[in-house]
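Listed here are the chains, written in short residue letters.
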Amino acid sequence: AFVLIWIVGFGLFTALPLIQTFIFSLNQVTVQATGIVQVPVNWANYSRALFTDSIFVELLIGYVIETLVSVPIVVIFSMIIALLLNLNFRFKGLFRTIFFLPVVITSGPVIRELTAQGATSVPGLQNFEAVTTFLAELPRTLRGPTEYLLTSFVLILWFSGVQILIYLSSLQKIDRSIYEAAAIDGASAWEAFWKITLPSLSTTTMIIAIYTIISLSHFSENKIIRYI
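Rules behind the numbers
- Residues numbered from 1 in each chain as written.
- Predicted model: local features only at pLDDT ≥ 70, side-chain atom pairs only at ≥ 80, totals over all residues.
- Heavy atoms only, no water.
- Helix = DSSP H or I, 4+ residues; strand = E, 2+ residues; numbered from the N terminus.
- Buried < 20%, exposed > 50% of the residue type's maximum accessible area, 1.4 Å probe, protein only.
- Contact = heavy atoms within 4.5 Å.
- Areas by Shrake-Rupley, 256 points an atom, 1.4 Å probe, with all protein chains shown as cover.
- 1 Å grid on protein atoms, 1.4 Å probe; cavity = no way out; pocket = protein on both sides within 12 Å on 5 of 7 lines; lining within 4 Å.
- Points joined across faces, edges and corners; volume = space filled by probe spheres on them.
- Nonpolar A, V, L, I, M, F, W, Y, C, P; charged D, E, K, R; others polar.
- Core = buried A, V, L, I, M, F, W, Y, C linked by side-chain atoms within 4.5 Å.
- Expected span 1.5 Å × (residues − 1).
- Phe/Tyr/Trp six-rings, centres within 6.5 Å; stacked < 30°, edge-to-face > 60°.
- Axes fitted to C-alpha atoms, helices over the stretch in contact; angles between N-to-C directions.
- Left-handed = near helix turned anticlockwise from the far one by under 90°.

Novice: Could you give an account of the overall build of the chain, naming the residues involved and the relevant values?
Specialist: Along its length, the chain carries 13 helices and 2 strands. Counting the 228 residues in the chain, one finds 27% classified as buried. In the chain, of all internal contacts separated by at least 6 residues, the share reaching a separation of at least 24 is 64%. Summed over its atoms, the accessible surface of the chain is roughly 15,500 Å², and 70% of this surface lies on carbon and sulfur atoms.

Novice: For the side chain of Thr197, give the residues involved together with the corresponding values.
Specialist: Looking at the element boundaries, Thr197 is found in helix α11 (residues 189-200). Leave out the neighbours within four places in its chain, and Thr197 touches Leu83, Leu171, Ile174, Tyr179 and Ala192.

Novice: Describe the layout of surface pockets, and please don't skip the residues or the numbers.
Specialist: To locate leftover empty space, one rolls a probe as large as a water molecule over the atoms. For the second largest pocket, the calculated volume is near 580 Å³. Mapped onto the lining of the second largest pocket, the elements with two or more residues apiece are α1 (4-25) and α2 (44-52). Residues of the lining of the second largest pocket, tallied by class, amount to 9 nonpolar, 3 polar and 2 charged.

Novice: Talk me through the environment of Met206; I want residue IDs and the actual numbers.
Specialist: Here Met206 is to be found in helix α12 (residues 202-217). Taking C-alpha positions, Met206 is 9.4 Å from Val75, a pair spaced 131 residues apart along the chain.

Novice: Give a description of the environment of Tyr167 that names residues and reports values.
Specialist: Inspection of the secondary structure puts Tyr167 in helix α9 (residues 161-172). Taking C-alpha positions, Tyr167 is 6.8 Å from Thr204, a pair spaced 37 residues apart along the chain. Look past the residues within four positions of Tyr167 in its chain and what remains in contact with it is Val75, Ser78, Met79, Ala82, Leu201, Thr204, Thr205 and Ile208.

Novice: Quick one: what's the story with the nonpolar core, residue by residue and with numbers?
Specialist: Core analysis: the biggest nonpolar cluster contains 25 residues, and Leu155, Tyr167 and Ile196 have the highest contact counts within it. Elements represented by at least two residues in this core include exactly α3 (54-85), α8 (153-158), α9, α10 (176-184), α11 and α12. Per element, the largest residue contribution to this core is 6 residues, and it comes from α3. Beyond its immediate stretch of four places on either side in the chain, Ile196 contacts Ile174, Ile178, Tyr179, Ala182 and Glu191.

Novice: Can you break down empty space enclosed by the protein residue by residue, with the values?
Specialist: The full count for this structure, using the stated rule, is 1 cavity of 30 Å³ or more. Approximately 30 Å³ is the volume found for the largest cavity. Those elements that provide at least two residues to the lining of the largest cavity are α4 (92-105) and α9. In terms of residue class, the lining of the largest cavity is built from 5 nonpolar, 1 polar and 1 charged.

Novice: Could you give an account of unusual backbone geometry, with specific residues and numbers?
Specialist: Its identity as a non-glycine residue notwithstanding, Asn42 has a phi of 55 degrees, on the positive side. With respect to the helices and strands, the residue Asn42 is situated in the loop between β2 (35-40) and α2. Of the residues examined, Asn42 reaches a relative accessible area of 54% and is grouped as exposed.

Novice: Just give me the short version of α9, but keep the residues and values in it.
Specialist: With 12 residues, α9 should reach 16 Å at 1.5 Å per residue; the first-to-last C-alpha distance of 17 Å fits that figure. Along α9, the residues classified as buried are Gly161, Val162, Gln163, Ile164, Tyr167, Leu168, Ser170 and Leu171.

Novice: Summarise the packing of aromatic side chains; cite the residues concerned and give the values.
Specialist: In total, this model carries 7 aromatic pairs according to the counting rule given. Plain terms: the ring middles of Phe89 and Phe95 are 5.9 Å apart, the flat faces sit at 65 degrees to each other, and that makes the pair edge-to-face. One aromatic cluster is present, built from ring pairs that chain together Phe22, Trp43 and Tyr46.

Novice: Explain the packing of α10 against α11 residue by residue, including any values.
Specialist: Running from amino to carboxyl end, α10 crosses α11 at an angle of 145 degrees, the nearest separation of the two axes being 11 Å. In terms of crossing hand, the pair formed by α10 and α11 is right-handed. Mapping the contact onto sequence places Ile178, Tyr179 and Ala182 in α10 and Ala192, Ile196 and Thr197 in α11. Classifying every residue of the contact of α10 with α11 by side-chain character gives 5 nonpolar, 1 polar and no charged.

If you want it as structure tokens, here you go:
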């Protein structure tokens with residue numbers, strides 16, 4: 001009964017559109033005044049995208065590389081911020097709101113305007129001679145991911161709001177008596193993190209990694225989506 005509303009919502013607003021989209025992808029779709037006309041082409045659209053369209057393949061490879069760079073950064077940053085927000089200090093609720101605020105305002109037009117104005121990257125970073133020299137000396141396979149990391153670091157951290165809340169909720173579910181027992185046995189805070197906190201967050205970390213991949217994939221500024 002608790003999950004029924006979610007199941008119905010998923011079926012109506014996610015599963016059915018996903019199935020319909022897959023059906024469209026197997027057809028040549030034309031929108032006319034009388035309606036949508038579909039001409040079956042089987043797997044021709046997929047063959048053209050993967051084996052004929054070089055731009056799509058290049059964008060797909062770039063997306064995979066950017067995802068491999070972004071996901072670990074988001075996971076690590078979210079965990080660190082969640083650990084800090086889990087401490088007892090004044091105005092804790094305010095800081096939680098600040099870190100979640102980007103999630104509220106990352107609608108398509110807003111993030112597109114911020115990206116166009118350069119607000120999602122570190123200003124002038126590529127103009128530093130040391131950075132330019134460093135990128136030039138890197139192997140070609142590492143140059144692209146490193147350049148993406150340097151130019152889109154702010155945008156990557158922009159995706160950490162929900163992940164921080166998920167980590168925070170998981171941290172609050174860890175029994176404090178476990179930390180007390182570890183402290184009595186002489187464990188330091190560093191040892192408690194590696195032997196208690198991190199193992200307790202293993203499932204959460206996997207969920208956050210999957211969620212981050214999905215968020216990056218359907219992001220409105222994703223080059224693949226814009227190209228399609």
